[in-house]
Amino acid sequence: MPHRTDLLRRRVLQAGAAALTARYVPLAVAADPFRIGLILPLSGPFASTGKQVEAACRLYMQKNGDTVAGRKVELIVRDDTGVAPETTKRTAQELIVRNQVNVLAGFGLTPLALATAPVATEAKTPMIVMAAATSIVTSKSPYIVRSGFTLPQVTGPIADWAVKNKIQTAVTMVSDYAPGIDAESTFVKRFTSGGGKVAESLRVPLRNADYGPFIQRAKDAKPDALFVFVPSGEGSAVMKQFDDRGLKAAGIKIIGTGDVVDDDLLESMGAVAVGVVTSFHYSAAHDSPENKAYVDAFMKANGGMRPNFHSVGGYDGMHVIYEAAKNAGADANGDKLVEAMKGMKWVSPRGPMMIDPATRDPVQTVYIRRVEMVNGKPWSIEFDKVENVKDPGV
Ligand code: PHB
């Protein structure tokens, strides 16, 4: 065992060496880590959202490194199960108090984001909403910045497309909660103002939905088209009922927002999805060098899993966080980070992006796509687009 004075001497020497290092190489002084608390549904009915967003966040770090503004980035991931807003809120509080996170991120569904908004405000902590898509979300806290999309933003263009493509009557079918109501209101407003007629508006319970009777009712109304919004994860159940109830054979077109042909499930839906026309901000088939690189890297890192729209919400959310941390500097606090996010522009795998400085929502291109078989697999192939679409509100 070394003698006490030896130990003391060693400590003094170490302190001297540290002082020298500090004087001559100031960057070697370790700064606090930059902590990101990522809250996602990683179990339960919306686990696919969590899986996609987490994979994308990890891919972003793999490509861009785990240091930002001289600070080590720590990603702290928590599962909120996706169905209990109080759990999401409590998890956010714990991440702030115990883990001292600099930023909260994730939020798979609207009710979870709404429950957490007051926590972000109270703690003055930026809250990056990567998935939840109801228009009002960003208005609930000045610390919320959205990297995904809004339902009114992606719904308007399909209503306009329907009018232009001689669809005269439609039935709407949406999940009966906030984003579904946003989609229904936007579609009805835009479609009817263009001269279309909505025969019926159907709302399906969010949990344990049985789409069969609703789809039968839509079929009986004999519209030219059925407009659908369901959150990601639900598309396969809807498509099965379209098939079983013979909507295609009855000549009823399926249109909607791209959630129903979510790339995470599209492959497993198979031929029944072919011909469905949707408007949306992301397809894994988007033809750009940035997206090709993204899809290749994502699939390689995740055993062949196709990235869906929530994944780009996660990937771009990480980009917003990294760039804000760089711009806000070493003493970045919540206010400085949010200021740095406002008006930020970049090129994403989905196309050009901007964070609207007034609403903190993304401004982006919305594409019109049709599901087609390519090499034996269904993909949403873009054939038209509307650029610089802002959230129009409802
Ligand atoms: C939402 O709850 O805001 C939400 C979730 C999944 C979607 C769209 C919206 O696909």
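Scoring rules and cut-offs
Think of each chain on its own: its residues are numbered from 1, step by step along the sequence as written. The predicted origin of the model limits local features to residues at a pLDDT of at least 70 and limits the giving and counting of side-chain atom pairs to 80 or more, whereas totals for whole chains, interfaces and linings rest on all residues. In computing side-chain properties, one takes all heavy atoms of the structure into account and sets aside hydrogens as well as water. Going along the chain from the N terminus, every DSSP run of H or I of four or more residues is numbered as a helix, and every run of E of two or more is numbered as a strand. When we talk radius of gyration, it's over C-alpha atoms, and the globule rule is simply 2.2 Å times the number of residues to the 0.38. To sort residues, take the accessible area from a 1.4 Å probe on protein chains only and compare it with the maximum for the residue type: under 20% means buried, over 50% means exposed, and anything in between is partly exposed. In this analysis, two residues are considered to be in contact whenever any of their non-hydrogen atoms come within 4.5 Å of each other. Strands are treated as partners if at least two bridges between them are detected by DSSP. The domain boundaries here were taken from an automatic or database domain assignment. Buried area is a sum: the accessible area each of two parts loses on coming together, probed at 1.4 Å, counted once for each and added. By convention in these notes, a salt bridge is any Lys or Arg side-chain nitrogen within 4 Å of a carboxyl oxygen on Asp or Glu. Each polar contact in these results corresponds to two N or O atoms within 3.5 Å; when the atoms are within protein, one needs to be able to donate a hydrogen and the other to accept it, and residues that are neighboring in sequence are counted only if both atoms are side-chain atoms. Axis geometry follows a simple rule: fit a line to the C-alpha atoms, using only the stretch in contact for helices, then measure angles between N-to-C directions, giving values from 0 to 180 degrees. Reported orientations rely on four angle classes, namely roughly parallel under 35 degrees, roughly antiparallel over 145, roughly perpendicular from 65 to 115, and oblique for the rest. For any helix crossing, the convention is left-handed if the near helix is rotated counterclockwise from the far helix by under a right angle, and right-handed if that rotation is clockwise. Note on residue classes: Ala, Val, Leu, Ile, Met, Phe, Trp, Tyr, Cys and Pro are nonpolar, Asp, Glu, Lys and Arg are charged, and everything else, Gly too, is polar.

Visitor: Just to check I follow, could you spell out the overall build of the protein for this structure?
Guide: Of regular secondary structure, the protein possesses twelve helices and 15 strands. For the protein, the C-alpha radius of gyration of 24 Å lies close to 21 Å, the compact-globule estimate for 394 residues. Overall, the C-alpha framework of the protein stretches about 90 × 45 × 35 Å when taken along its three principal axes. Across the 394 residues that make up the protein, the buried fraction comes to 53%. Residue pairs at least 24 apart in sequence account for 67% of intrachain contacts in the protein once pairs closer than 6 positions are excluded.

Visitor: Would you take a moment to explain the side chain of T91 for this structure?
Guide: Here T91 lies in helix 3 (residues 85-97). Owing to a relative accessible area of 8%, T91 belongs among the buried residues under this scheme.

Visitor: I tried to follow unusual backbone geometry on my own but got confused; where do I start?
Guide: Leaving glycine aside, a negative phi is the common case for residues, and trans is the common case for peptide bonds. In this model, R360 sits at a positive phi of 65°, which is unusual for a non-glycine residue. Among the secondary structure elements, R360 is positioned in the loop between strand 13 (351-355) and strand 14 (362-374).

Visitor: I would appreciate a short explanation of the sheet that holds strand 5 (residues 127-129) in the present structure.
Guide: Whether parallel or antiparallel, the strands of a sheet pair through hydrogen bonds between backbone atoms. Reading across the sheet, the six strands line up as 2-3-1-4-5-6 and stay open at both edges, with mixed pairing between neighbours. The open sheet terminates on both sides in strands that have one partner only, identified here as strand 2 (67-68) and strand 6 (144-146). Note: strand 2 against strand 3 (residues 71-79), two bridges, orientation antiparallel. Pairing of T67 across the sheet is with K72, part of strand 3.

Visitor: What's the story with the domain arrangement of the protein in this structure? I'm lost.
Guide: For interface size, the figure often reported is the accessible area lost on association. One can read the domain layout of the protein as domain 1 (34-149 + 288-360) and domain 2 (152-280 + 367-389). Using C-alpha coordinates to define each centre, domain 1 is positioned 27 Å away from domain 2. Summing both partners gives a buried area of about 1,700 Å² for domain 1 against domain 2, and 56% of it is carried by carbon and sulfur. On the domain 1 side of the contact with domain 2, F149, R306 and F309 bury the most area, a combined 38% of that side's loss. Counting across the interface, domain 1 meets domain 2 through three salt bridges. Here D263 makes a salt bridge to R306, at a shortest N to O gap of 3.1 Å. The interface formed by domain 1 and domain 2 includes ten residue pairs in polar contact (both at pLDDT 80 or more). In terms of residue count, the dominant contributor to the side of domain 1 that touches domain 2 is helix 2 (residues 47-64) (four residues).

Visitor: Is there a simple way to think about the pairing of strand 3 in this case?
Guide: Within a regular strand, the side chains alternate between the two sheet faces. With seven bridges connecting them, strand 1 (residues 34-40) and strand 3 associate as parallel partners. Residue F34 lies in a different strand from strand 3, and its bridge partner there is V73. Between strand 2 and strand 3, which follow one another and run antiparallel, lie two residues, and A69 among them has a positive phi close to 50°.

Visitor: Mind showing me how you'd approach the packing of helix 3 against helix 4 (residues 110-123) here?
Guide: Contact geometry for helix 3 and helix 4: axes closest at 8 Å, N-to-C directions at 30°. On the basis of the axis angle, helix 3 is roughly parallel to helix 4. Taken as a pair, helix 3 and helix 4 cross one another with a handedness that is right-handed. In this structure, helix 3 uses P85, T88, K89, A92, Q93 and I96 to contact helix 4, whose residues at the interface are P111, L112, A115, T116, V119 and A123. Considered class by class, the residues forming the contact of helix 3 with helix 4 number eight nonpolar, three polar and one charged.

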